[in-house]
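Single-letter residue listing:
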Amino acid sequence: QVQLVESGGGLVQAGGSLTLSCAASGSVSGFSAMGWYRQFPGKQRELVARINRDSSTNLVDSAQGRFTISRDNAKNTMYLQMKSLKPEDTGVYYCRVDLALGFIRTYWGQGTQVTVSS
């Protein structure tokens, strides 16, 4: 069983920076992909950034040049470094891990709120 715990959210002014962390308990070495998603009020969760099994990364257009996704295998932790934050980045950010177990099992964290004031 895998549990994911996010941290690092908070209130920041536009132009500021935050780094989100997602700590995993349990082995995630068999992951197929892991990533960060965000959810705006009344909307579905959407992908922000993802690390794939082959270490390639994907970022949505709005995050290009501002966000960086990374992981520390030794700490079993994934990060999302966010710079030049904008009010439209405000939302709840969730980490997600997809484990390849012969089928894909998906785990979600509980979410962390990011609020960017103008």
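What you see is a predicted model; the values in this text were computed from it and never measured.

Asker: Could you clarify how one ought to interpret the overall build of the chain in this entry?
Answerer: Counting its regular elements, the chain contains 0 helices and 11 strands. Helices and strands in the chain line up, N terminus first, as β-β-β-β-β-β-β-β-β-β-β. Here the C-alpha atoms of the chain give a radius of gyration of 14 Å, agreeing with the 13 Å that 2.2 N^0.38 yields for 118 residues. Overall, the C-alpha framework of the chain stretches about 45 × 25 × 25 Å when taken along its three principal axes. Each of the 118 residues in the chain was classed as buried or not, and the buried ones make up 38%. A total accessible area of about 6200 Å² is found for the chain, and carbon and sulfur atoms account for 47% of it.

Asker: Would you explain the pattern of salt bridges in this entry?
Answerer: Opposite charge on two side chains lets them pair, provided their charged atoms get close. Evaluation of the coordinates by the stated rule reveals 4 salt bridges. Residues Arg66 and Asp89 are paired through a salt bridge, measuring 2.8 Å at the closest nitrogen-oxygen approach. Pair noted here: Arg66 is in the loop between strand E6 (57-59) and strand E7 (67-72) and Asp89 is in the loop between strand E8 (77-82) and strand E9 (91-100), with a separation of 23 residues, a long-range link. With respect to class, Arg66 is no different from Asp89; both count as buried.

About the criteria used
- Residues numbered from 1 in each chain as written.
- Predicted model: local features only at pLDDT ≥ 70, side-chain atom pairs only at ≥ 80, totals over all residues.
- Heavy atoms only, no water.
- Helix = DSSP H or I, 4+ residues; strand = E, 2+ residues; numbered from the N terminus.
- Rg over C-alpha atoms; globule rule 2.2 N^0.38 Å.
- Buried < 20%, exposed > 50% of the residue type's maximum accessible area, 1.4 Å probe, protein only.
- Areas by Shrake-Rupley, 256 points an atom, 1.4 Å probe, with all protein chains shown as cover.
- Salt bridge = Lys/Arg side-chain N within 4 Å of Asp/Glu carboxyl O.

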